[in-house]
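What follows is each chain in one-letter form.
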Amino acid sequence: MIKDNPLITISLGKRITDGDFQFNWQEIDLDETSEIIDKPIVLVLGGSGTETTRQANGMAKILEGFIGKINEPVDIISVAYGNLNDSNENENISLLVEKMLVPLVCENNQRLSLERAMKKMRRINVFSHCAGTSRFDEMLNILTKRMRDLDYSSDEVELILGQVFVLGYAPYDYIKNSKVSQVYIQSIFDESLENSHQRMRNLQLQAKKHKTEIKVSPSEFEVEEFETLKEYASRVNDLAQESECLVSVLCENVLHYFTSSQVQEGEGFDHTLMHIERDEKFNVSEFSSFVADVVSVLISEIMIKYIALSIDNEHSTKPVKMPTMEELKSECDSIINQMQINNFENQINY
């Protein structure tokens, strides 16, 4: 029994809006996880501080605030890490992979057809915060090795993992597999993430390797080499003095938004989710800036889009076509522009 293994500290649970469950939370037996991956899910991976089931449920509730109630068989699954450390991390992460990802590409220790594996992998949508993105990157690395052992070719692995979607808020790192569809959003003033400039340099190296380009907008922020985070923040702040802004960086399957501050001055700092989470009336905190409102809407719209794709995929005979990041960025730009227009009009009327 997994629960009797002292090295296993993680636990899983899901949000339950109907039924008699305390705090709308149902713990999942790690020995019986097959029922949670037979339908689309959103896997919620919080930062390293998400140790308890209460904290994991809190993360799931925040996501629930973004997407609302979905009248389809879609589960919000959240992970509590427990006492995760260097001595037991690999065993715990490997267990998550074996229980939640390997069954999507394997039956009776045999590989599936490419089309079937792609279709099943489209069930996986990830919402992560801070180190949660790094944890999922570890999961994909382990899954890739397992898939190669199952005789999937490198090209097949890329096609299958290309069905996965990840949205990371204030990510500590990003997913290294360039075929995974990824959206990241963070404040350029998030002082918890001073390695961000290194991540952008890694994107540059990735772009050169695959002979693709990095597209930055607004054009004022195009750079030959990304500066340190503080230098880049200073330039974003110059524009933000006139209007709150989002700077997008697009490279292959990675769309990364840097924002001006999401917090009103003196009311907190930009790393936590508290300034973008929604209440039951879909309002953000009174201490949030306008750009936090924009970020919150973007997360809501993007997550719902990919969940809908997962639902469509379940009813389709073939894997659904994933949108390009160019297409997604165009949709996001329309949302941002309309919110900026509405905000400007409200300021005039006020």
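In the block above lies the structure referred to throughout.
Numbering of residues starts from 1 in every chain and runs along the sequence as written. Where totals are concerned, whole chains, interfaces and linings use all residues; where local detail is concerned, this predicted model gives features only for residues with pLDDT of at least 70, and gives and counts side-chain atom pairs only at 80 or more. Note: side-chain values were computed over all heavy atoms of the structure, leaving out hydrogens and water.

### Side note on the overall build of the protein
Logical step 1: The helix and strand labels rest on DSSP assignments: H or I over at least four residues marks a helix, E over at least two residues marks a strand, and numbering proceeds from the N terminus. Within the protein one finds 9 helices and 12 strands.
Logical step 2: Only protein chains enter the accessibility calculation, which uses a 1.4 Å probe. A residue is then buried if its area is under 20% of the maximum for its type, exposed if over 50%, and partly exposed in between. Counting all 350 residues of the protein, 53% fall into the buried class.
Logical step 3: Of the contacts made within the protein by residues no fewer than 6 positions apart, 70% connect residues no fewer than 24 positions apart.
Logical step 4: Of the roughly 16600 Å² of accessible surface on the protein, a fraction of 47% belongs to carbon and sulfur atoms. By the convention used here, residues are in contact when the closest approach between their heavy atoms is within 4.5 Å. What sets the accessible areas is the Shrake-Rupley method with a 1.4 Å probe; for residues, cover comes only from the shown protein chains.

### A word on the pairing of strand 7 (residues 124-129)
Logical step 1: Burial analysis of strand 7 places 6 of its 6 residues in the buried class, which makes it a mostly covered element.
Logical step 2: The two faces of strand 7 match: Ile124, Val126 and Ser128 on one face and Asn125, Phe127 and His129 on the other face are all buried.
Logical step 3: Pairing between two strands is assigned when DSSP locates at least 2 bridges connecting them. Pairing geometry for strand 7 and strand 8 (residues 165-169), over 5 bridges, is parallel. Each residue of the ladder has a partner; that of His129, found in strand 8, is Tyr169.

### Side note on the side chain of Lys120
Logical step 1: Within the secondary structure, Lys120 is located in helix 3 (residues 114-121).
Logical step 2: Overall, Lys120 belongs to the buried group, its relative accessible area being 14%.

### A few points about the pairing of strand 3 (residues 41-45)
Logical step 1: Within strand 3, 5 of the 5 residues are buried, which leaves it mostly tucked inside the rest of the structure.
Logical step 2: Here strand 3 shows a buried face lined by Ile41, Leu43 and Leu45 and a second buried face lined by Val42 and Val44.
Logical step 3: Pairing between strand 3 and strand 4 (residues 75-80): 4 bridges, direction parallel. Its bridge partner lying in strand 4, Val44 is registered against Ser78.
Logical step 4: Crossover strand 3 to strand 4 through helix 1 (residues 53-67) is right-handed.
Logical step 5: One ladder, built from 5 bridges, connects strand 3 with strand 7; its direction is parallel. Among the inter-strand pairings, Leu45 is bridged to a residue of strand 7, identified as Ser128. With the strands pointing away from the viewer, any crossover whose connection runs clockwise from the first strand over the helix to the second is right-handed.

### Some points on helix 1
Logical step 1: The terminal C-alpha atoms of helix 1, which comprises 15 residues, lie 21 Å apart, in line with the 21 Å expected from a rise of 1.5 Å per residue.
Logical step 2: Ala56, Asn57, Met59, Ala60, Ile62, Leu63, Glu64, Gly65, Phe66 and Ile67 are the residues of helix 1 that are buried.
Logical step 3: On its buried face, helix 1 is in contact with strand 1 (11-15), strand 2 (25-28), strand 3, strand 4, strand 7 and helix 8 (290-314).
Logical step 4: Directly after helix 1, the chain includes Gly68, whose backbone phi takes a positive value near 70°. Expected helix span is given by 1.5 Å per residue-to-residue step, counting one fewer step than there are residues.

### A closer look at the packing of aromatic side chains
Logical step 1: Side-chain rings of Phe, Tyr and Trp (the six-membered ring for Trp) are treated as a pair once their centres are within 6.5 Å; stacked means planes under 30 degrees apart, edge-to-face means over 60, and tilted covers the remaining angles. Counted according to the given criterion, the structure contains 2 aromatic pairs.
Logical step 2: Their ring planes at 70° and their centres at 6.0 Å tell us that Phe66 and Phe127 sit as a pair that is edge-to-face. Linking Phe66 in helix 1 with Phe127 in strand 7, this pair joins segments that are 61 residues apart in sequence. One exposure class covers both Phe66 and Phe127, and it is buried.
Logical step 3: With centroids separated by 3.7 Å and ring planes inclined at 0°, the aromatic side chains of Phe165 and Tyr306 adopt a geometry described as stacked. In this pair, Phe165 sits in strand 8 while Tyr306 sits in helix 8, placing the two residues 141 residues apart along the sequence.
Logical step 4: The aromatic ring of Tyr152 is capped on one face by Arg111, whose charged end is 4.3 Å from the ring centroid.
Logical step 5: The ring of Tyr81 has Arg135 sitting right over it, with the charged end atom 4.5 Å from the ring centre. Throughout this description, the term charge over a ring refers to an Arg CZ or Lys NZ atom that lies within 6 Å of the ring centre and within 35 degrees of the ring normal.

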